[in-house]
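# Tertiary structure, described
In case you want the letters, here they are:
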Amino acid sequence: MNCPDTKPTVAHKADGHSQPIQWLLVCVWLLLAGNGWAAENPALAEYQVKAAYLYNFTKFTDWPATAFASVDAPIVIGIVGDDPFGKTLDDLVKDEIVRGHPLVVKRLDPKDDLRGCHVLFICRNEKDQLPALLQKLKGTPVLTVGDAGDFAEMGGMVNFVLVQEKVKLEINQAAAEEASLQISAKLLRLARIVKTN
Amino acid sequence: MKQKLKIGIAGLSLVLFSGLAWATVNAESLSALKNMSLEDLGEVNVVVAASKYEQKTTQAPSSVSIVTQEEIKLYGYRTLADVLASLQGFNVSSDRNISYLGVRGVSLGDFNSRVLLLIDGHRINNDLTDSAEIGNEFLLDVDLIDRVEVIRGPGSVLYGNNAFFGVINVITRKAQQVNGAEASGQYGDFGAYKFRVTGGKSFTNGISLLLSGTYFDSAGPDQIYFKKFNTSSLNVNNGVAQNMDGESYGSFFGSVGYKDFALEGGYIRRDKVDPTAPIPDTFNDPRARTVEDRSYVDLKIKHEFPEIVDLTARLYYDRYDIKNGYPVPPSDPDFYQEVQLGEWWGAELQLNKKLWEKHMISVGMEYRDDFKQSDQLFDSNNNYYPPTLRSRQSYGVFAEGDFALRDDLHFNGGVRYDQYGDFDPSLSPRLGLIYNPFKKSTFKALYGTAFRAPNFQEIINSSYPGPSIQTPETINSYELVYEQGIGQHLRSSISGFYDRMDDLIVFEHGSYNNFNADSLGMELALEGTWPQGVRTRASYTLQRTEPQNLPSGEIFPNSAPEHIVKLNLGVPVVKENLFASLEFQYTSSRHTFYADIYQNTLQGRDTPGFAIVNFTLFSKNIVKNLEVSASIYNLLDESYADPSSRFHLQAKIPQDGRSFRVKATYRF
């Protein structure tokens, strides 16, 4: 396995900043051409991924019929607190229809009536208000989502956790069932199930 | 200096006045994002350290590598040195006392002072030799690593001193990730064993707590043969170092979190016998040993003022001491001990501001007080010699920003000003353009600078016999990177760099001198991750460093190889339960520069190139909560040696042949 080098021992050249760059430029890259360039890049910003999750939650959650005023009433995704998504979430759900319901994003204040939402993302900066918010929503079919430490243990339904730079889920299934929400097995399978402390 | 100032001001004004957006999503990637399955969403990566705030790797103004805890287990890495040795462009060697990290075509026998090592953002390089210690001497047990982020290229724009060739940020596992208790034990060749106990819990009152302790002991090979000590002129024990490679360490790490506060601290005490008899030691005398203590506590406060700014503040205290034993040939006194002690504290403040949802601007400042640096010699007759004492105060301020000039074009720029002790102030700008013409293609054009101030060891050793080294060394680096996603699961990259280094501080002829040098290099890398658990990495590095205006009769003692090849492959054998991994590393020949006491000069010679293969079987949950692994290192029993140093009479330091390790970890 040895690869003897023919270079003489200490014969470093002492000339100025000369030659080299050619062999650097020679590195024209002809790796795999063709149709491989298609799919998505494996690295994204955290809140892009979380926004995509929120979009997916609308597909993998069943709301009771009473949660909608009509069969084509929108599914409302509410964001309460300091919105970390920017335009990402709006762009993502624009013109999307899930089981006949168009998707709508609303920014809300904790003091607003939050019961009109179907999915409610509670931002980290509202952490102190969390018990009060959850209390207010008790029994209403609102899927509460957060990303603050022990959000799900405190009675929130879905919590985003960063595990080895990946966004993973914790689901408090009991809390969802209490609110008459049915979370699909496909989603539950990917999550760590936690209970209210 | 003036020119640097100009570049710095230009960079800063660009940061402050260039206007547009940190656009994270364009229409194309949006539809891709929407169509990702739940499973895929859970496998997407995000990265933290390159800009001191969260950023995806393709947008970072650097070439970035990440190694996760999963891979540490999969490949059976024993130390941080093992982790780094697996990465593109890194050349790790050992003198059987500490591990050396060569990068970007430069291995000058310093103690890793040209790479900045962080644990959770806390600076680990000590204040005596500026060493980033990466072998068993690294403060953190590898089992406690969540991930290692390697950011290549000069990083002084954010981190100041030592971020010369790159920054390595080690992120620790958090209490909620441990969520319970773990006990781990391992046993390997040369009587090496290690035990670890870790507990972590996040309590309902908001407090999270992690505590961990590790003990390691290794007898080392019974016999290590050095031909240099088995010659007609110098024969000690026929060149055999008998039971001279023993090593042990005990370490402790803990972290407490509450709301915006995170307090963490670590401690390690390591004891290593040195079989290589560095000058002036007697060969085969176990009093030639190094005992090191390294500890720190770090309080971090992170607060978000909604709509205003995110603030991170840090306050820390660090301590390092090292005792080196020097048994000397029969004489009176016949033993000396050198004791070096460093203590320092510091504070950092950083503000991050997002503008119009999209821009990101960071400003920060740092103060550091190296209030104790001492070096003292004792001998076996209880004499002690007057200590050499130093201290210094330093500060730095920086500003950095990232802007999307268009949806597919980012500009990243920043500058940092450092006043390090009494040295000339350093101004370190960085500029980067990041271009995403297609959703899976990224081009980066990067210009970076960095400095390294002379450290305590260099200052005190250079003042005798010559004038003391006064100038910080500097680097100007130009890099082009092209990253291309191939299909769903592969990423490839090619990069080329040109580094211009001035006033490198290098030990030669019994003292420190300044050298100028240029490096040119190219790296090719391919990385793949498949959902079934197959993962692979492959890389090739070509690099060359030439000294500039070298005075005749001088040697530039660089031991970097010209070619480095790394291949890693991990595959599931039984889904979710059993994995096999294979690792291949090739390093081409390296110059070695060792001491010849008779001529007081460094000699040049080559250590031949070598290739090693490591193999690991890793299983989890065959028995619930139990992880078991078995590794064979240097599977083909390649006989190879690393270059020695200016402190050695011998030209080469032989390395271990084939060896094994078994390890079991149980979670409660």
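Residues numbered from 1 in each chain as written. Chains lettered and ligands numbered in written order. Predicted model: local features only at pLDDT ≥ 70, side-chain atom pairs only at ≥ 80, totals over all residues. Heavy atoms only, no water.

## So, the overall build of chain B
Looking only at helices and strands, chain B features eight helices and 35 strands. For a compact globule of 668 residues, the expected C-alpha radius of gyration is about 26 Å, and chain B comes in at 25 Å, within 12% of that figure. By principal-axis analysis of the C-alpha atoms, chain B measures approximately 75 × 65 × 50 Å. Burial status across chain B gives 60% buried among its 668 residues. (Helix = DSSP H or I, 4+ residues; strand = E, 2+ residues; numbered from the N terminus. Rg over C-alpha atoms; globule rule 2.2 N^0.38 Å. Buried < 20%, exposed > 50% of the residue type's maximum accessible area, 1.4 Å probe, protein only.)

## So, the side chain of B:Glu483
Topologically, B:Glu483 is positioned in strand 23 (residues 473-486). A distance of 3.4 Å separates a polar atom in the side chain of B:Glu483 from a polar atom in the side chain of B:Lys444. (Polar contact = N/O pair within 3.5 Å; in protein donor to acceptor, adjacent residues only side chain to side chain.)

## What to know about the environment of B:Gln177
Residues and elements named next belong to chain B. As for its placement among the helices and strands, Gln177 is situated in helix 7 (residues 175-178). Overall, Gln177 belongs to the partly exposed group, its relative accessible area being 25%. Taking the C-alpha atoms as reference points, Gln177 and Asp298, separated by 121 residues in sequence, lie 20 Å from one another.

## Topic: the state of the cysteines
Applying the stated criterion across every chain, the model contains zero disulfides over all chains. Not part of a disulfide, A:Cys123 finds its nearest cysteine sulfur in A:Cys117, a span of 12 Å. (Disulfide = S-S within 2.5 Å.)

## Looking at the environment of A:Lys106
Residues and elements named next belong to chain A. Locating Lys106 in the fold gives a position in strand 4 (residues 101-108). Distance from Lys106 to Cys117, taken between C-alpha atoms, is 8.4 Å for residues 11 residues apart in sequence. The contacts of Lys106, once residues within four sequence positions are left out, are Val76, Ile77, Gly78 and Ile79. (Contact = heavy atoms within 4.5 Å.)

## Quick word on empty space enclosed by the protein
All names here are of chain B. This model, assessed by the stated rule, comprises 17 cavities of 30 Å³ or more. Each pocket or cavity is described by its volume, and for the second largest cavity that value is around 360 Å³. Considering the residues around the second largest cavity, the lining is formed by 26 residues, among which Ser107, Leu108, Gly109, Asp110 and Ser559 are closest to the centre. Looking at the lining of the second largest cavity, the element that brings in the most residues is strand 3 (residues 99-103), giving four residues. Tallied by class, residues from the lining of the second largest cavity come to 12 nonpolar, nine polar and five charged. (1 Å grid on protein atoms, 1.4 Å probe; cavity = no way out; pocket = protein on both sides within 12 Å on 5 of 7 lines; lining within 4 Å. Points joined across faces, edges and corners; volume = space filled by probe spheres on them. Nonpolar A, V, L, I, M, F, W, Y, C, P; charged D, E, K, R; others polar.)

## Considering the sheet that holds strand 8 (residues 166-171) of chain A
To summarise the sheet geometry, strands pair through backbone hydrogen bonds and adopt either a parallel or an antiparallel arrangement. Residue and element names in this part refer to chain A. Taking strand neighbours across the sheet as the criterion, the eight strands line up as 3-4-2-5-6-7-8-10 in an open arrangement whose pairing is mixed. Pairing within the sheet leaves two strands with one partner each, and these edge strands are strand 3 (97-98) and strand 10 (191-193). As defined by bridge partners, strand 3 adjoins strand 4 across two bridges and the pair is classed as antiparallel. Across the sheet, the residue bridging to Val98 is His101, located in strand 4. (Pairing = 2+ DSSP bridges.)

## Details of the side chain of B:Arg590
Along the polypeptide, B:Arg590 turns up in strand 29 (residues 590-596). Reaching out from B:Arg590, the side chain makes a polar contact with the backbone oxygen of B:Ala641 at a distance of 3.4 Å.

## Quick word on the sheet that holds strand 5 (residues 122-123) of chain B
All names here are of chain B. If you walk across this open sheet you meet the five strands as 1-6-7-4-5, and the pairing is mixed. Where the open sheet ends on each side, the last strands, each with one partner, are strand 1 (64-68) and strand 5. By the bridge criterion, seven bridges tie strand 6 (residues 145-152) to strand 7 (residues 166-172) in an arrangement that is antiparallel. Bridge pairing in strand 7 places Val150 opposite Ile168.

## Brief notes about helix 4 (residues 130-137) of chain A
Residue and element names in this part refer to chain A. For helix 4, the full list of buried residues reads Leu130, Leu133, Leu134 and Leu137. Down the axis of helix 4, the buried set is contained in an arc of 95°. They therefore lie on one face. Tucked into the core, helix 4 has its buried residues touching strand 5 (119-122) and strand 6 (143-146). Following helix 4 by one or two positions, Gly139 has its phi on the positive side, about 85°. (Arc of directions from axis to C-beta.)

## Focus on the pattern of salt bridges
Inspection of every chain in the model, using the stated rule, returns 59 salt bridges over all chains. With its nearest N and O atoms 3.0 Å apart, the salt bridge here joins A:Lys50 to A:Asp147. With A:Lys50 in helix 2 (residues 46-59) and A:Asp147 in the loop between strand 6 and strand 7 (158-163), this pair connects stretches of sequence that are 97 residues apart. Like A:Asp147, A:Lys50 is buried. With a shortest N-O distance of 3.0 Å, B:Arg287 and B:Asp285 are connected by a salt bridge. Judged by its relative accessible area of 31%, B:Arg287 falls in the partly exposed class. The class of B:Asp285 is buried, set by a relative accessible area of 13%. (Salt bridge = Lys/Arg side-chain N within 4 Å of Asp/Glu carboxyl O.)

## So, the confidence of the model for chain A
Looking at chain A, pLDDT values average 74 and 77% of them are 70 or higher. Here residues 1-43 of chain A is modelled with pLDDT under 50, and outside its nearest four sequence neighbours on either side it reaches 95 contacts, counting other chains as well. (pLDDT = per-residue confidence, 0-100.)

## So, the pairing of strand 21 (residues 426-438) of chain B
Residue and element names in this part refer to chain B. Here 10 bridges tie strand 20 (residues 409-420) to strand 21, and the two strands are oriented antiparallel to one another. Following the sheet pairing, Asp418 is matched in strand 21 by Ser426. The antiparallel hairpin formed by strand 20 and strand 21 contains five residues in its connecting segment, where Gly421 sits at a positive phi of about 55°. Alignment of strand 21 against strand 22 (residues 441-452), held across seven bridges, turns out to be antiparallel. What sits directly across from Tyr435, in strand 22, is Phe443. As consecutive antiparallel partners, strand 21 and strand 22 are separated by two residues.

## Observations regarding the packing of aromatic side chains
Taken as a whole and assessed by the stated rule, the structure comprises 27 aromatic pairs over all chains. Here the aromatic rings of B:Phe226 and B:Phe283 are separated by 5.9 Å at their centres, their planes lie at 90°, and the arrangement is edge-to-face. Remark: B:Phe283 occurs in the loop between strand 14 (261-273) and strand 15 (289-305) and B:Phe226 occurs in the loop between strand 11 (223-225) and strand 12 (240-242); sequence separation between them is 57 residues. Classification of B:Phe226 as buried rests on a relative accessible area of 3%. On the basis of relative accessible area, B:Phe283 is assigned to the buried category, the value being 4%. Here the aromatic rings of B:Phe229 and B:Phe283 are separated by 4.1 Å at their centres, their planes lie at 10°, and the arrangement is stacked. Here B:Phe283 lies in the loop between strand 14 and strand 15 and B:Phe229 lies in the loop between strand 11 and strand 12, a separation of 54 residues in the sequence. Cluster of aromatic residues (ring-pair linked, three or more members): A:Tyr47, A:Tyr53, A:Phe57, A:Phe85, A:Phe121 and A:Phe160. Directly above the aromatic system of B:Tyr633 lies the positively charged group of B:Arg78, at a separation of 3.5 Å from the ring centroid. When the ring centre of B:Phe497 is taken as origin, the NZ or CZ atom of B:Arg104, which lies over that ring, is 4.4 Å away. (Phe/Tyr/Trp six-rings, centres within 6.5 Å; stacked < 30°, edge-to-face > 60°. Lys NZ or Arg CZ within 6 Å of the ring centre and 35° of its normal.)

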